[in-house]
Amino acid sequence: MTIQETATARPAGRPRSEKAERAIIEATLDLIGEGMGVSELSIEAIASRAGVGKTTIYRRWSNKEDLVVDALATLKAPPPPVKGESVRDDLITLLDAMRGEADQARTRCVMNIAMSESDRYPRLMERFYKAAIEPRRQAMRDVIARGVANGELKPDLDVEMVMRILSGSMMMFRKWGEPIELAPDLAERLVDTVMTGIAP
């Protein structure tokens, strides 16, 4: 086989690798979503569900914790881009992304089961928050801090407090609100309610 033929042939293996990784991630999420807690979850069960060997999993993840962190992180998309022109509009964009996730029954189920074991697996949850949650929180902090700096919000505003009020309110709706679909304008109403107290 020539060098050119070898270079052409190499990419053929990549889709198989990506397909295996996707199957492993999906198997992990499926098992958790079906009620299997992190403590009950095993590499053997994941391998069986994914249709791969255990060595295929260990080749990519050194342990179950690493795999679960990566699997949970796939349920959280990166923060959506904001225009940077209006604090109100940017906060609505960020909160609406959270609302969209709440409409996904599988995501709600998996996250609820996984979070129920946060005390038992503090390192796992700490890594998950750092990888998937903190970037979103930081995006909201940045928007609020920008509003304070440019005069859209009160100059003495407690940025951390406002960020927690907004994200915490959405979290409460996600956990205890309508199980099927949240109101399309929920983010807008939340932001407008809070803005009455934080605008100059």
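Bear in mind that the values here come from a model prediction, so they are computed numbers and not experimental data.

**Some words on the overall build of the protein**
- The helix and strand tally for the protein stands at ten helices and zero strands.
- Beginning at the N terminus, the succession of helices and strands in the protein can be written as α-α-α-α-α-α-α-α-α-α.
- A buried classification covers 38% of the 200 residues belonging to the protein.
- In the protein, 70% of the contacts between residues at least 6 apart in sequence involve partners at least 24 apart.
- For the protein, the accessible surface area stands at approximately 11400 Å², while carbon and sulfur atoms represent 55% of it.

**A closer look at the packing of aromatic side chains**
- According to the stated counting rule, one finds one aromatic pair in the structure shown.
- A ring pair is formed by Phe128 and Tyr129, whose centres lie 6.0 Å apart and whose planes are at 70 degrees; its orientation type is edge-to-face.

**Some details on the packing of helix α5 (residues 64-73) against helix α8 (residues 122-150)**
- Relative to each other, α5 and α8 sit at 35 degrees, their axes nearing to 9 Å. As for the relative orientation of α5 and α8, their crossing is right-handed in sense. Facing α5, whose interface residues are Glu65, Asp66, Val68, Val69, Leu72 and Ala73, α8 presents Arg123, Leu124, Arg127, Phe128 and Ala132.
- Of the residues belonging to the contact of α5 with α8, the class tally is seven nonpolar, no polar and four charged.

**Re helix α10 (residues 186-198)**
- The end-to-end C-alpha distance of α10, which contains 13 residues, comes to 18 Å, matching closely the 18 Å that a straight helix rising 1.5 Å per residue would cover.
- Turning to α10, its buried residues are Leu186, Ala187, Leu190, Val191, Val194, Met195 and Ile198. All buried residues of α10 project into a common sector of 160 degrees when viewed along the axis, lining one side. Pointing more than 90 degrees away from the buried face of α10 are the exposed residues Thr193 and Thr196.

**Brief notes about the pattern of salt bridges**
- For the structure shown, the criterion picks out 18 salt bridges.
- In this structure, Arg123 engages Glu65 in a salt bridge whose closest nitrogen and oxygen atoms are separated by 2.5 Å. Of the two residues, Arg123 is situated in helix α8 and Glu65 in helix α5; the sequence distance between them amounts to 58 residues.

**Details of the side chain of Thr28**
- Take Thr28: it is sitting in helix α2 (residues 13-33).
- The residues contacting Thr28, other than those within four sequence positions of it, are Leu41, Ile46, Leu67, Val68 and Ala71.

**Here we look at the nonpolar core**
- Formed by 30 residues in total, the largest nonpolar core has its most connected members in Ile46, Ile57, Leu67, Leu72 and Leu124.
- Put simply, the parts of the chain that give this core at least two residues each are α2, α3 (43-50), α5, α7 (105-115) and α8.
- Not counting the four nearest positions on each side in its chain, Ile57 is found in contact with Ile24, Ile43, Ile46, Ala47, Val52 and Leu67.
- One finds Leu91, Met98, Val148 and Ala187 within the second-largest nonpolar core, a separate group that totals 25 residues.

**A short note on the packing of α7 against α8**
- Across the interface, α7 lies against α8 with an axial gap of 11 Å and an inter-helix angle of 135 degrees. As far as their axial angle goes, α8 and α7 are oblique. Across the interface between the two elements, Met111, Ala114 and Met115 of α7 pack against Met125, Phe128 and Tyr129 of α8.
- Its residues placed into classes, the contact of α7 with α8 shows six nonpolar, no polar and no charged.

**Re the environment of Asp90**
- Mapped onto the elements of the fold, Asp90 is located in helix α6 (residues 87-102).
- Taking the relative accessible area as the measure of exposure, Asp90 reaches 2% and is therefore buried.
- Considering only alpha carbons, one finds Asp90 and Ala139, 49 residues apart in sequence, at a separation of 9.6 Å.
- Among the polar contacts made by the side chain of Asp90, one reaches the main-chain amide nitrogen of Lys83 at a distance of 3.3 Å.
- Of the polar contacts made by the side chain of Asp90, one reaches the side chain of Arg146; its length is 2.8 Å.

The rules behind each value
Residues numbered from 1 in each chain as written. Predicted model: local features only at pLDDT ≥ 70, side-chain atom pairs only at ≥ 80, totals over all residues. Heavy atoms only, no water. Helix = DSSP H or I, 4+ residues; strand = E, 2+ residues; numbered from the N terminus. Buried < 20%, exposed > 50% of the residue type's maximum accessible area, 1.4 Å probe, protein only. Contact = heavy atoms within 4.5 Å. Areas by Shrake-Rupley, 256 points an atom, 1.4 Å probe, with all protein chains shown as cover. Phe/Tyr/Trp six-rings, centres within 6.5 Å; stacked < 30°, edge-to-face > 60°. Axes fitted to C-alpha atoms, helices over the stretch in contact; angles between N-to-C directions. Left-handed = near helix turned anticlockwise from the far one by under 90°. Nonpolar A, V, L, I, M, F, W, Y, C, P; charged D, E, K, R; others polar. Expected span 1.5 Å × (residues − 1). Arc of directions from axis to C-beta. Salt bridge = Lys/Arg side-chain N within 4 Å of Asp/Glu carboxyl O. Core = buried A, V, L, I, M, F, W, Y, C linked by side-chain atoms within 4.5 Å. Parallel < 35°, antiparallel > 145°, perpendicular 65-115°, else oblique. Polar contact = N/O pair within 3.5 Å; in protein donor to acceptor, adjacent residues only side chain to side chain.

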